[in-house]
Every structure is written in C-alpha cells, then in structure tokens.
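# Structure assessment
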Amino acid sequence: MQPRDWSGAFRNLRAVGTQGAEAFTATVSDAAALTKAFSGARAAYMMLPPAKSREDQERWSDAIAKAVTESGLRYAVHLSAYGAQVPEGTGPVAGLHSSEQKLNAISGLNILHLRAAYFMENNLAAIGMIHGMGIFGNALLPDLKVPMIATRDVGDYAAQRLLHLDFSGRQTRELLGERDLSMTEATAVIARRIGKPDLCYEQFPYDQVQQVLTQMGVPPKGAALYIEMYKAINAGVLVPLEPRPPENSTPTSFEQFVQDVFAPAYHGNVATASESGGTS
C-alpha cells in the first residue's frame, strides 16, 4: 500500500467536466458538501480514502452516511474489501465493515457493496526496492495464495452496475480477480516481465514493514492499521466468503497487469501506468 497520487484523478476530472459533468470539490468528512453533490443524483459510487487512522475512517463514513440520508440518494455502489464481514482486528478493512453497516441502516437506499480483492496495484510500492535492493519484500507470507484484482476491473464492474441499477435492498458482491496468487508466484511473473530472472520475494518482519510505510509518508496510525491487515491475511482471518464462479471473477490476469502497468512504471513510464490503474 502507498499514498495515492491524485494528479491523474484531477486530469480525468477536468476531462469529464468538458463532457457535461458537474464537478464538486470537497473533503470526505464534509457532510454538507457531500449532500450537495448527491442531491439530484440517482446513484453514486462511494469509497473511503486510504486509511490514516480508524478515527478518520469513522468520520468519513459518518459524513457519507449523513449525506446519503439527507440527499435522499436511492442507489449506491460502495467499494469495500474482501473480509469486510469481520468487524475488528483487520486494519482498514474493519473501517469498511463499519461503513457497510452505516449504509445498510439507511432507509430507502439500495446499496451494493463491492468486496474487492487485494489490489494488484499495491505491488507498485516495491518498485523502488527492486531498483535499490534487487529484491521484492512485503509482510505477506511467501506461499499464501490471496485473491488479487486490477483496479480497472473494479471500476468497470462498478460502472456497469451503476448504469443498469440492477440491484435492490442490501447486496454484497465479492470481486476476486482472475485467480488467487501467492507473493512468490506474483514475483516470478514480475521477474520475467521486467527482465530480472533472479528476482526473489522475501517476507519482511512486521516492524520493518511498518517503518518503511511511515518513511513513505503513511501516518503512524495508518501504518499500524496496514500491519494489522497483513497479520489478519496471514492468519487466515481475512478470507472471501464466496466461491469463485464467473460472476465474481474478473478478466485482467496478473500477467496482463504486469505488462500494462507494473513494467511501464518500473521502466519509468509512469504516465502509462497511471492511466491503466490506480494505487491504494
């Protein structure tokens, strides 16, 4: 995980504005501004920003829930995460559990929670390490298979559901990516694509990963949350509830992601990478 670079998002926002959309600029904790943005809309796609603390997550989800209630919004697609059925001990995912509960409690709202897999884009944080140290390190167990998804597939799925509004009441859909991968397998794919066949994955101690996150600009409370999440994944606490039928699998393979996003970013073509997917 890494702090988000919003420059691409603002470029996209300006482009959408030229096509007739009305842009609202506000902080996620500003319920009044969010109410204004939601008013008159038939549906909305909503998400929490990268977690700085659980307190921030609660403030953000409180403001979103208040704005939905006061605006009378009828349909919403909410970006959550796999494992959000667990109420605590899961880092930022616990905040998504809380956000789901608040939205579920709003009368008259048809809500679809997208419990997305581990973002493939999270692996972009290792690029500097690969360049500088020649290894790929993270806190996840080397051979633990986890579902991984490209963010563009999440966006495509959300857009389709918002276009058709084919959901009602309170619904949940897990989006588990093309297949489950271990970090060892993911590293092997990256190694082949970037021309470093000797690249290996190494699991780092939690305290070392936490220190790296803070050095990258993640606030200490946020870094601690991500360590709690890694521990929950490694312990098998954060797991999908659904099997993997076609309905919750998505098309972009990790090989395709590395070709389209990771390799261009690794070789310095950041613009190409940012257009293909975001980071979380």
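Residues numbered from 1 in each chain as written. Predicted model: local features only at pLDDT ≥ 70, side-chain atom pairs only at ≥ 80, totals over all residues. Heavy atoms only, no water.

## Overview of the pairing of strand 1 (residues 43–46)
- Residues of strand 1 alternate between two faces, with Ala44 and Met46 buried on one and Ala43 and Tyr45 left unburied on the opposite face.
- Pairing of strand 1 with strand 2 (residues 75–81), which is carried by 4 bridges, proceeds in the parallel orientation. Each bridged residue has a counterpart across the sheet, and for Tyr45 the counterpart in strand 2 is Val77.
- In the classification by handedness, the crossover that spans strand 1, the intervening helix 3 (residues 54–71) and the parallel strand 2 is right-handed. (Buried < 20%, exposed > 50% of the residue type's maximum accessible area, 1.4 Å probe, protein only. Helix = DSSP H or I, 4+ residues; strand = E, 2+ residues; numbered from the N terminus. Pairing = 2+ DSSP bridges. Right-handed = clockwise from strand over helix to strand, strands pointing away.)

## Let's talk about the nonpolar core
- Residues Phe254 and Phe262 are the most contacted members of the largest nonpolar core, which totals 68 residues.
- Residues contacting Phe262, with those up to four places away along its chain left out, are Asn123, Leu124, Ile127, Ile130, Ile190, Ile194 and Phe257.
- Judged by nonpolar contacts, the second largest core, of 15 residues, contains Leu79, Phe119, Ala158 and Leu175. (Core = buried A, V, L, I, M, F, W, Y, C linked by side-chain atoms within 4.5 Å. Contact = heavy atoms within 4.5 Å.)

## Considering the packing of aromatic side chains
- In total, this model carries 3 aromatic pairs according to the counting rule given.
- Residues Phe136 and Tyr201 carry aromatic rings whose centres are separated by 5.8 Å and whose planes lie at 80° to one another, so their mutual orientation is edge-to-face. Of the two residues, Phe136 sits in strand 5 (residues 136–138) while Tyr201 sits in strand 9 (residues 201–203), which places them 65 residues apart along the sequence. Tyr201 matches Phe136 in its accessibility class, with the two residues each being buried.
- Positioned over the ring face of Tyr206 is Lys231, at 5.2 Å from the centre of the ring. (Phe/Tyr/Trp six-rings, centres within 6.5 Å; stacked < 30°, edge-to-face > 60°. Lys NZ or Arg CZ within 6 Å of the ring centre and 35° of its normal.)

## Examining unusual backbone geometry
- Positive phi values are uncommon outside glycine, yet Leu165 reaches one of about 45°.
- Examined against the element boundaries, Leu165 turns out to sit in the loop between helix 6 (151–164) and strand 7 (170–175).
- You can call Leu165 buried: its relative accessible area is 13%.

## Here's the deal with the pattern of salt bridges
- The full count for this structure, using the stated rule, is 13 salt bridges.
- Between Glu55 and Lys221 there is a salt bridge, with the nearest N and O atoms lying 3.8 Å from each other. On the criterion of sequence distance, the pair formed by Glu55 in helix 3 and Lys221 in helix 9 (residues 220–234) is long-range, its members being 166 residues apart.
- On the basis of relative accessibility, which here comes to 42%, the residue Glu55 falls in the partly exposed class.
- Between Glu178 and Arg179 there is a salt bridge, with its nearest N and O atoms 2.8 Å apart.
- Overall, Glu178 belongs to the partly exposed group, its relative accessible area being 30%. (Salt bridge = Lys/Arg side-chain N within 4 Å of Asp/Glu carboxyl O.)

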